[in-house]
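Each chain is listed here by its residues.
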Amino acid sequence: MKKFFLLLLTSAASILTTQAQSKDIVGVAAGSADHSTLVAAVKAADLVGTLQGAGPFTVFAPTNAAFGKLPAGTVEGLLKPEAKPTLTKILTYHVVAGKLDAAAVLKAIKSGGGKAVLTTVSGGKLTASLDGGKVKLTDETGATAWVTATDLKATNGVIHVIDSVVMPK
């Protein structure tokens, strides 16, 4: 009976792991309570289909708290239909074509002499560097965001969590 129970638990854990790994970028983000603002923004910008596509994509995903750092009213304004082009540019600035897991980002930083310039889907540039052993992203305005969690795997790429919203020019 004990062996059967352990086998059942092992099978259940395997199924849950498989289900988690079978989600695309949007599914992984939607499963995180800390990314509800990001998911709402992706929907408002009509980017769900794109981010559910084949990819692969690397997404630097701001948390709800990151969006909360923006000036009062900014998020609400960006979610309005007339702001869709601006919202789309901001969101696609958080996406890099290809699958760059944490090891690949670190390798790029090292091979770039301490900095890796990443071209985003919006056409902008994000600069990744190491500061105090942590990955820091510097956007085109000179503002920074810190990577707080890495390698959230999706079927069509990878997500790295960041603590601020990065902005294009």
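Only a predicted model underlies this, so the values are computations on that prediction, with no experimental measurement involved.

A. Representation of the pattern of salt bridges within the structure. In the structure shown here, the tally under the stated rule is two salt bridges. Among the ionic pairs, Lys84 bridges to Asp46, the shortest N-O distance being 2.5 Å. Taken together, the residues span a long stretch of sequence, with Lys84 in helix 7 (residues 84-92) and Asp46 in the loop between helix 3 (36-44) and helix 4 (48-51) at a distance of 38 residues. The residue Lys136 makes a salt bridge to Asp131 at a minimum N-O spacing of 3.4 Å. Using a relative accessible area of 36% as the deciding quantity, one classes Asp131 as partly exposed.

B. Region of interest: the pairing of strand 1 (residues 57-62). By the criterion of burial, strand 1 is predominantly enclosed, with six of the six residues buried. Of the two faces of strand 1, both are covered, the one formed by Phe57, Val59 and Ala61 as well as the one formed by Thr58, Phe60 and Pro62. Note that strand 1 and strand 2 (residues 95-97) share three bridges and pair antiparallel. Residue pairing in the sheet places Thr58 in a bridge with Val96 of strand 2.

C. View of the environment of Leu47. Position of Leu47 among the secondary structure elements: in the loop between helix 3 and helix 4. For Leu47, a relative accessible area of 10% translates into the label buried. Expressed as a C-alpha distance, the spacing of Leu47 and Leu91, which sit 44 residues apart in the sequence, is 8.7 Å. Excluding its chain neighbours within four sequence positions, the residues that come into contact with Leu47 are Val42, Thr88, Leu91 and Thr92.

Procedures and definitions
Residues numbered from 1 in each chain as written. Predicted model: local features only at pLDDT ≥ 70, side-chain atom pairs only at ≥ 80, totals over all residues. Heavy atoms only, no water. Salt bridge = Lys/Arg side-chain N within 4 Å of Asp/Glu carboxyl O. Helix = DSSP H or I, 4+ residues; strand = E, 2+ residues; numbered from the N terminus. Buried < 20%, exposed > 50% of the residue type's maximum accessible area, 1.4 Å probe, protein only. Pairing = 2+ DSSP bridges. Contact = heavy atoms within 4.5 Å.

Honestly, that's just the spatial picture; any functional story needs more than this.
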